[in-house]
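Residue-level structure breakdown
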There are 2 protein chains.
Amino acid sequence: MQNFQFVNPTKIIFGNGEIVQLAKQIPTTSKVLILYGGGSVKKTGLLESIKAVLTDFQVGEFGGIEPNPTYETLMKAVEIIRKEKYDFLLAVGGGSVIDGTKFIAAAALFTKDDPWKFIVEGLPISAALPFGTVLTLPATGSEMNNGAVITRKELQAKIPFMSAKVFPQFSILDPVYTYTLPKKQIANGVVDAFIHVMEQYLTYPIASKVQDRFSEGLLLTLVEEGPKALQDPENYDVRANLMWTATLALNGLIGSGVPQDWSTHMVGHEITALYGLDHAQTLAIVLPSMLEVMKAEKLEKLLQYGERIWNLSTDLAPDEKSALAIEKTRDFFEAMGVKTRLADYGLGKDVIEKIIASLESHGMVKLGEKGTVTPDVVRQVLKLSL
Amino acid sequence: MQNFQFVNPTKIIFGNGEIVQLAKQIPTTSKVLILYGGGSVKKTGLLESIKAVLTDFQVGEFGGIEPNPTYETLMKAVEIIRKEKYDFLLAVGGGSVIDGTKFIAAAALFTKDDPWKFIVEGLPISAALPFGTVLTLPATGSEMNNGAVITRKELQAKIPFMSAKVFPQFSILDPVYTYTLPKKQIANGVVDAFIHVMEQYLTYPIASKVQDRFSEGLLLTLVEEGPKALQDPENYDVRANLMWTATLALNGLIGSGVPQDWSTHMVGHEITALYGLDHAQTLAIVLPSMLEVMKAEKLEKLLQYGERIWNLSTDLAPDEKSALAIEKTRDFFEAMGVKTRLADYGLGKDVIEKIIASLESHGMVKLGEKGTVTPDVVRQVLKLSL
């Protein structure tokens, strides 16, 4: 096991009806800005029910945070917050709204320079406004971590940042809020969470028995519950298991003390920034081919994964077993309705060099747990993904 | 799944050599009291190496916290802290030292009344001194939770308490510190952690897939690594896996959203308070018989446990499978060198009514996940444990 530090101060409030806990989580004199996305929280009535429990606070609203939240939109919220002196933020939505709120929370207090610089230049974030979240979409894990991914449209760039200052103070997770999600979003969420686990698990063995078992527990739950969530949207237990799994897939725990990959994510970000595919779609395209191209380096974990997640017989030859493990991974994404080929999204081989050029321009030239995923390797991966 | 709240702000600093991180975890102007147990931290040189990294602080020492830390001893530390105005505590040791430090941290600021009252009368704890820990014994999980068990000798009472104010600020977990532990303590630690998981897992099904998988991951790791730890004390990976497993066995995570039992612990506490057996010894005596007596209520989880932890064939009849699961549990404790019968510790059937009288005097008359473990049930359990 590698040495590690782990800390996660976010308070999780989980279960049906727990929105009643909201008001007591927020300091009493706060001026609260509620942030949300495309307006589904208005349609479902969630926004109204939240305002109904916040009657003791001064409350404002900022809607329109898009999937892959953009610097351009988020800076508008920053301006309002600075001008109207909001001092507590409440993100209501999925990973995009929460990621966007993390940026806004830090940017609002980052007055000495352009906040984009803490993303691209890594300028330190010394403070951020406190914020909580009400999660409506199980997928990214943003509700219980300190990372976010921000897009800058004019630069066609989608870049992650992390800071100890942007853990949510609390997150309210009510599985019932996910009943009304379109099937596509549930499917994307399952694939996203699955690949979050894979990025932290499918590397090389390092005697991290607990981390492996926990990762496998999350993967098995996604494999078992994902299809049920599509068929039976109002099954509380299924939605509850998916929601808690997606949170635990990226809250720092399973990644502590182990090597991590993240090459699939970095390639996926470029595809979204260039061609607008959903985040999970890009991951579903890249991961199976990445495993195929990197299978020599990843062989031991691939075999363990095949046996423990897909029940592949220990008698199979390693080549066959790893090939089957990858095939079953692709089949799972397809069964969830998330297509796994560039062609499925109308993209051909002409995109390959553009994606690679973008990666290179962002300095992403030595990806993966051993830094061996070079632009050449990504080229092979993308060819296999056509 | 049940509704739940989960929060755990303790920062874990894990790995060989991480003691160098210690000084920067403590506020610079602190006056630090180091607390420890019987003095093994002196023999191993750990105390000296800790003082060597704390040269910038005013540092004092308080040794002699016993296994099953007593109110009588702990109150001496409280007196010193109040008089000499220590404002940061550092527990160096295992669960007893850390539990004791939690009591001391809260008691030092609890000046309006006898601190014993927040244990037996549940008076609220509104503040506690901040403290960190350097763990030397993987077992209780106290290094990453907010619970403690305190013994009052004159009353032959051993009682748990919890408070949001007594989470450690940080805990340093270096597996190398466990190399010098006597085999008995390693064995006790493995059994203790195993039964912590069982108290949160072996109840009844509630569609908590992730919690089940995580619990099973911890149990499997203990079954795999426990015997190796006895045979090969300086195997870093084995000790690292045990240490991290014991922490995760009782940090609140696997118990979130599920029913919990704890009857074995409550009976065990009485045995320790009356007859001085090690905590883990009492648990190893009680658990197998408790599972036997309660097997009708626990049947579904017993079968799942038998299949997933002990690889029992799904073809076995339920009766046979549950009996085998219990037998294998007992065999595991015995193989670790922890005896599972009252007679092994020189106790006969005359102790049964004394233990039950003690339980009743502490109000422990409806134990277990359904409150069905009455004194009559405990009597059956203890008879089976002779």
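In this text the structure is predicted, and so the values were computed from the model without any measurement. (Residues numbered from 1 in each chain as written. Chains lettered and ligands numbered in written order. Predicted model: local features only at pLDDT ≥ 70, side-chain atom pairs only at ≥ 80, totals over all residues.)

**With respect to the overall build of chain A**
As a reminder of what qualifies: Going along the chain from the N terminus, every DSSP run of H or I of four or more residues is numbered as a helix, and every run of E of two or more is numbered as a strand. C-alpha atoms define the radius of gyration, and 2.2 Å times the number of residues to the power 0.38 defines the globule rule. Residue burial here comes from a neighbour count, namely the number of other C-beta atoms, placed from the backbone, that lie within 10 Å of the residue's own C-beta, with 20 or more meaning buried, 12 or fewer meaning exposed, and in between meaning partly exposed. Throughout, a residue-residue contact means that the two C-beta atoms, derived from backbone geometry, are no farther apart than 7 Å.
When its secondary structure is counted, chain A shows 14 helices and eight strands. Relative to the globule expectation of 21 Å for 386 residues, the C-alpha radius of gyration of chain A, 20 Å, shows essentially globular dimensions. With the C-alpha coordinates aligned to their principal axes, the bounding extent of chain A is approximately 65 × 45 × 45 Å. Here chain A holds 386 residues, and the buried ones make up 54% of them. Counting contacts in chain A only where the partners sit at least 6 residues apart, residues at least 24 apart contribute 78% of the total.

**Things to note about the confidence of the model for chain A**
Counted only if it meets this: Each residue gets a pLDDT score, which is the predictor's confidence in that residue and runs from 0 to 100.
With 100% of its residues at a pLDDT of 70 or more, chain A shows a mean pLDDT of 97. The ipTM assigned to the predicted complex is 0.97, against a pTM of 0.97.

**With respect to the interface of chain B and chain A**
Defined as follows: Basically, the charged four are Asp, Glu, Lys and Arg, the nonpolar ten are Ala, Val, Leu, Ile, Met, Phe, Trp, Tyr, Cys and Pro, and anything else, Gly included, counts as polar. Only strands joined by at least two bridges in the DSSP assignment are considered to pair.
Contacts between the two partners involve 32 residues from chain B, matched on the other side by 32 residues from chain A. Listing elements by their share of the side of chain B that touches chain A, those giving two or more residues are strand S1 (4–14), helix H7 (209–231) and helix H8 (236–248) of chain B. Sorting elements by how many residues they give to the side of chain B that touches chain A places H7 of chain B first, with ten residues. Grouping the constituent residues of the side of chain B that touches chain A by class yields 16 nonpolar, nine polar and seven charged. Pairing analysis gives seven bridges linking strand S1 (residues 4–14) of chain A to S1 of chain B, with the strands arranged antiparallel. From the neighbouring strand, isoleucine 13 of chain A faces S1 of chain B, where its bridge partner is glutamine 5 of chain B.

**As for the relation of the copies chain B and chain A**
The condition is simple: Superposition of the copies was done by least squares, using only C-alpha atoms of residues whose pLDDT is at least 70 in both.
Overlaying chain B on chain A yields an RMSD of 0.0 Å, the required transformation being a rotation through 180 degrees with an accompanying axial translation of 0.0 Å. Such values leave the two copies arranged in the relation of a two-fold axis. Rotation axis and chain B: the residue whose C-alpha lies nearest the axis is proline 9 of chain B, separated from it by 2.2 Å. When you check the interface residues of chain B against chain A, 100% turn up at the interface there too, and the contact is symmetric in its surfaces.

**A closer look at the nonpolar core**
One recurring pattern in soluble globular proteins: nonpolar side chains tend to sit buried together. The condition is simple: Joined through C-beta atoms within 7 Å, a set of buried Ala, Val, Leu, Ile, Met, Phe, Trp, Tyr and Cys residues constitutes a nonpolar core.
In terms of nonpolar packing, the biggest core is built from 238 residues, with Leu35 of chain A together with Leu35 of chain B touching the most fellow members. Those residues in contact with leucine 35 of chain B that lie beyond four places of it in its chain are Phe62, Ile65, Ala77, Leu89, Leu90, Ala91, Val92, Val97, Gly100 and Thr101 of chain B.

**Some points on the packing of helix H9 (residues 263–275) of chain B against helix H13 (residues 351–361) of chain B**
All names here are of chain B. To keep it simple, the criterion reads: Fitted lines through C-alpha atoms serve as axes, helices being fitted only where they are in contact, and the angles separating the N-to-C directions of these axes extend from 0 to 180 degrees. For classification, angles of less than 35 degrees are called roughly parallel, those exceeding 145 degrees roughly antiparallel, those between 65 and 115 degrees roughly perpendicular, and all remaining angles oblique. Note on convention: the crossing is left-handed when the near helix lies turned anticlockwise from the far helix by less than a right angle, right-handed when the turn is clockwise.
At their nearest, the axes of H9 and H13 sit 9 Å apart, and the two run at 110 degrees to each other. On the basis of the axis angle, H9 is roughly perpendicular to H13. The handedness of the crossing between H9 and H13 is right-handed. Across the interface between the two elements, Met266, Val267, Glu270, Ile271, Ala273, Leu274 and Tyr275 of H9 pack against Val351, Lys354, Ile355, Ser358 and Leu359 of H13. Of the residues contributing to the contact of H9 with H13, the split by class is nine nonpolar, one polar and two charged.

**Considerations on the packing of helix H3 (residues 71–84) of chain A against helix H4 (residues 95–108) of chain A**
Residue and element names in this part refer to chain A. It is the contact of H3 with H4, at a shortest axis distance of 9 Å, that shows an interaxial angle of 45 degrees. Taken together, the axis directions place H3 and H4 in an arrangement best described as oblique. Crossing handedness for the pair H3 and H4: right-handed. Contact with H3, carried on its side by Leu74, Ala77, Val78, Ile81 and Arg82, involves Gly100, Phe103, Ile104, Ala107 and Ala108 of H4 and no other residues of that element.

**What about helix H8 (residues 236–248) of chain A?**
All names here are of chain A. Put simply, the rule is: To estimate how far a helix should reach, multiply one less than its number of residues by 1.5 Å.
Between its first and last C-alpha atoms H8 spans 18 Å; for 13 residues at 1.5 Å apiece the expected length is 18 Å, and the two agree. Within H8, eleven of the 13 residues are buried, which leaves it mostly tucked inside the rest of the structure. Val238, Arg239, Ala240, Asn241, Leu242, Met243, Trp244, Thr245, Ala246, Thr247 and Leu248 are the residues of H8 that are buried.

**Here we look at the pairing of strand S7 (residues 157–162) of chain B**
Note on strand geometry: in a regular strand, side chains alternate between the two faces of the sheet. Residues and elements named next belong to chain B. Where strand S6 (residues 147–152) lies against S7, six bridges are found, and the strand directions are antiparallel. Opposite threonine 151, over in S7, you have lysine 158 as the bridge partner. Hairpin remark: S6 followed by S7, antiparallel, with four residues in the connecting loop; positive phi at glutamine 156, about 45 degrees.

**Topic: helix H3 (residues 71–84) of chain B**
Residues and elements named next belong to chain B. Quick reminder of the rule: In this description, one arc is meant: the one made by directions from the helix axis to the C-beta atoms.
Between its first and last C-alpha, H3 extends 20 Å over 14 residues, near the 20 Å set by a 1.5 Å rise per residue. Listed as buried for H3 are Tyr71, Leu74, Ala77, Val78 and Ile81. Projected down its long axis, H3 carries its buried residues within an arc of 120 degrees, all on one side. Facing away from the buried side of H3, by more than 90 degrees, are the exposed residues Glu72, Glu79, Lys83 and Glu84. Those residues of H3 that are buried are in contact with strand S2 (31–35), strand S3 (58–62), helix H4 (95–108), helix H5 (116–120) and S6. Just past H3, the residue lysine 85 takes up positive phi, approximately 55 degrees.

**A look at the domain arrangement of chain A**
Residues and elements named next belong to chain A. Stated formally: An automatic or database domain assignment supplies the start and end points of every domain.
Split by domain assignment, chain A resolves into domain 1 (11–177) and domain 2 (182–384). Opposite the 19 residues of domain 1 that make contact, domain 2 presents 23 residues. The set of elements that each furnish at least two residues to the side of domain 1 that touches domain 2 consists of strand S6 (147–152) and strand S7 (157–162). Considering every element that reaches the side of domain 1 that touches domain 2, the biggest residue donor is S7, with three residues. Of the residues that constitute the side of domain 1 that touches domain 2, the class distribution is ten nonpolar, seven polar and two charged.

**With respect to the pairing of strand S8 (residues 170–173) of chain A**
Residue and element names in this part refer to chain A. Side chains Phe170 and Ile172 project from S8 onto one buried face, and the interleaved Ser171 and Leu173 project onto a second face that is buried too. Sheet topology note: the S1/S8 ladder contains four bridges and is parallel. In the sheet register, isoleucine 13 faces S8, and the bridge partner there is isoleucine 172.

**A look at unusual backbone geometry**
At alanine 207 of chain A, a position not held by glycine, the phi torsion is positive, near 60 degrees. Relative to the elements of secondary structure, alanine 207 of chain A occurs in the loop between helix H6 (183–201) and helix H7 (209–231).

**Digging into the environment of histidine 279 of chain B**
Residue and element names in this part refer to chain B. In this structure, histidine 279 sits in helix H10 (residues 279–293). When the C-alpha atoms of histidine 279 and valine 238 are compared, they prove to be 23 Å apart, with 41 residues separating the residues in sequence. The residues contacting histidine 279, other than those within four sequence positions of it, are Asp192, Gly268 and Thr272.

**Considering the environment of alanine 187 of chain A**
In this fold, alanine 187 of chain A is placed in helix H6. C-alpha separation for the pair alanine 187 of chain A and methionine 336 of chain A, spaced 149 residues apart in sequence, amounts to 5.5 Å.

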